[in-house]
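# Overview (structure and organization)
Residues per chain are reported as follows:
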Amino acid sequence: MILCANPSAQVFSYQAEIEDAVLRVVRSDRYILGQEVNALEQEFAAYIGTTHAVGVANGTDALELALRSLDLKPGDEVITVSHTAVATVAAIEAAGAVPVLVDVDPDFYTLNPIQLTEVLSSRTRAVIVVHLYGQAADLDEIGAFCKQQNLILIEDCSQAHGAKWNDKRLGSIGHIGCFSCYPTKNLGAIGDAGLVTTSDANLAHKIRILREYGWQKRYISDIPGRNSRLDELQAAILRIKLRHLDDDNQNRRDLAAQYTSLLGEGARTPEIRQGAEHVFHLYVVRTAHRQALMAHLKSQDIYAGIHYPEAVHLQPAYKGRVRTARSMEVTERLAQEVLSLPIYPELGVDSVSQVAQTIKNFVASGAITY
């Protein structure tokens, strides 16, 4: 069986280190916001290239708390994409803001900066740029727009741990970077976890107190906050995995290169943006015959995924309720065509060859075309 993602394989890769780290926490006297969280925050900030990192309960909370640190007012708008995990949009609403959704570009599937001016309003406060599938959006264009319009730029790096844009780590370029450490992510916990990065000391301080009821002094809430604390066990595990992240990302790049080579020029394989260092959280191809290809792969015990099967603005919770750009053509087409092939550092070259050959054989049979 070849799975689309296999987080337990990574646990086994670093089993001894992880078990030692877990035992260290179990034998300690602090299980929430202790030494492991503090150490992870310092190590992650140094890795990303920011002066601060804040551990939180999950990636959705990372986005919500980042937005709440901006002191948004009712009716304030935040621009993001519709081709993303719904968590991006859910976090905007959880923070009390109004999501405004734009389309993605047709080559790299990230926020199309051309549409930003179209949806800009007097209520726009921030842009959340999603670095989808493992590579950067066009931060030069988007960053220039945000600077010109005096908007906060938040990077959703949940699929791009360790990726770079012009040799700078994602999460260090905007005002705030937000990371999910869900188990399948490039830097994944064994459970839920998240991180926020920034070099703005005031924002970092605000996010720290927001994650724990607005406390600066225990049991005294200076501002309305909530509970979004990262526990010591997950922090200890993430510290182990962070040490291996660059090597694991290189393994992903190697496997992706093998896929691209084996599938050939006829396949609609991922494109890499100039200036971006891709970390291939997902290896996403496109086909007009997705269901047939998925069914064939499954018949061979190969399990692909879909990221994502429905544009956020067309999902029941949001359809007819959120403002969008006039054209969402690319997003709506991608939802019908994208297919995520299995990829993770422990997958192995033989498994990639098997997946690629299975696809090529199916195409050669005349069953589908790319």
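This write-up is about the structure you can find in this document. (Residues numbered from 1 in each chain as written. Predicted model: local features only at pLDDT ≥ 70, side-chain atom pairs only at ≥ 80, totals over all residues. Heavy atoms only, no water.)

Let's shift gears to the overall build of the protein. When you go through the protein residue by residue, the secondary structure sums to twelve helices and 15 strands. Over its C-alpha trace the protein gives a radius of gyration of 21 Å, about what one expects of a compact globule, namely 21 Å for 370 residues. Along the three orthogonal principal directions, the C-alpha set of the protein runs to about 70 × 55 × 35 Å. Classification of the 370 residues of the protein by burial places 56% in the buried group. (Helix = DSSP H or I, 4+ residues; strand = E, 2+ residues; numbered from the N terminus. Rg over C-alpha atoms; globule rule 2.2 N^0.38 Å. Buried < 20%, exposed > 50% of the residue type's maximum accessible area, 1.4 Å probe, protein only.)

Pairs may arise between side chains of opposite charge once their charged atoms sit close together. Tallied over the full model, the rule gives 20 salt bridges. Between Arg-229 and Glu-212 there is a salt bridge, with its nearest N and O atoms 3.0 Å apart. Of this pair, Arg-229 sits in the loop between β11 (220-221) and α9 (232-263) while Glu-212 is found in the loop between α8 (201-210) and β10 (215-217), placing the two residues 17 residues apart along the sequence. Given a relative accessible area of 16%, Glu-212 falls into the buried group. Through salt bridges that share partners, Arg-24, Glu-36, Glu-43 and Arg-239 make up one connected network. (Salt bridge = Lys/Arg side-chain N within 4 Å of Asp/Glu carboxyl O.)

This next bit is on helix α12 (residues 349-364). In an α-helix, one full turn covers 3.6 residues, which means residues spaced three or four apart are oriented alike. Helix length check: α12, at 16 residues, gives a terminal C-alpha distance of 22 Å against a target of 22 Å (1.5 Å per residue), a fit within 8%. Taken together, the buried positions of α12 are occupied by Ser-351, Val-352, Val-355, Ala-356, Thr-358, Ile-359 and Phe-362. Buried residues along α12 cover an arc of 155 degrees about the axis, so they all sit on one side. Facing away from the buried side of α12 by over 90 degrees, the exposed positions are Val-349, Asp-350 and Ala-364. As for α12, its buried residues are in contact with α9, α10 (290-299) and β15 (338-341). Just downstream of α12, Gly-366 is the residue with a positive phi angle, here 90 degrees. (Expected span 1.5 Å × (residues − 1). Arc of directions from axis to C-beta. Contact = heavy atoms within 4.5 Å.)

This part takes up the packing of aromatic side chains. The relative placement of two aromatic rings is captured by the distance of their centres and the angle of their planes. Summed over all chains, the structure comprises seven aromatic pairs. On the numbers, 5.3 Å between centres and 75 degrees between planes, the contact of Trp-215 with Tyr-219 is edge-to-face. Judged by its relative accessible area of 60%, Tyr-219 is exposed. Grouping aromatic residues by their ring pairs yields a cluster made of Phe-44, Tyr-47 and Phe-179. Across the ring face of Tyr-47, the terminal group of Arg-169 is positioned such that the distance to the ring centre comes to 4.1 Å. (Phe/Tyr/Trp six-rings, centres within 6.5 Å; stacked < 30°, edge-to-face > 60°. Lys NZ or Arg CZ within 6 Å of the ring centre and 35° of its normal.)

Without other data, these values stay purely geometric and don't point to any function.
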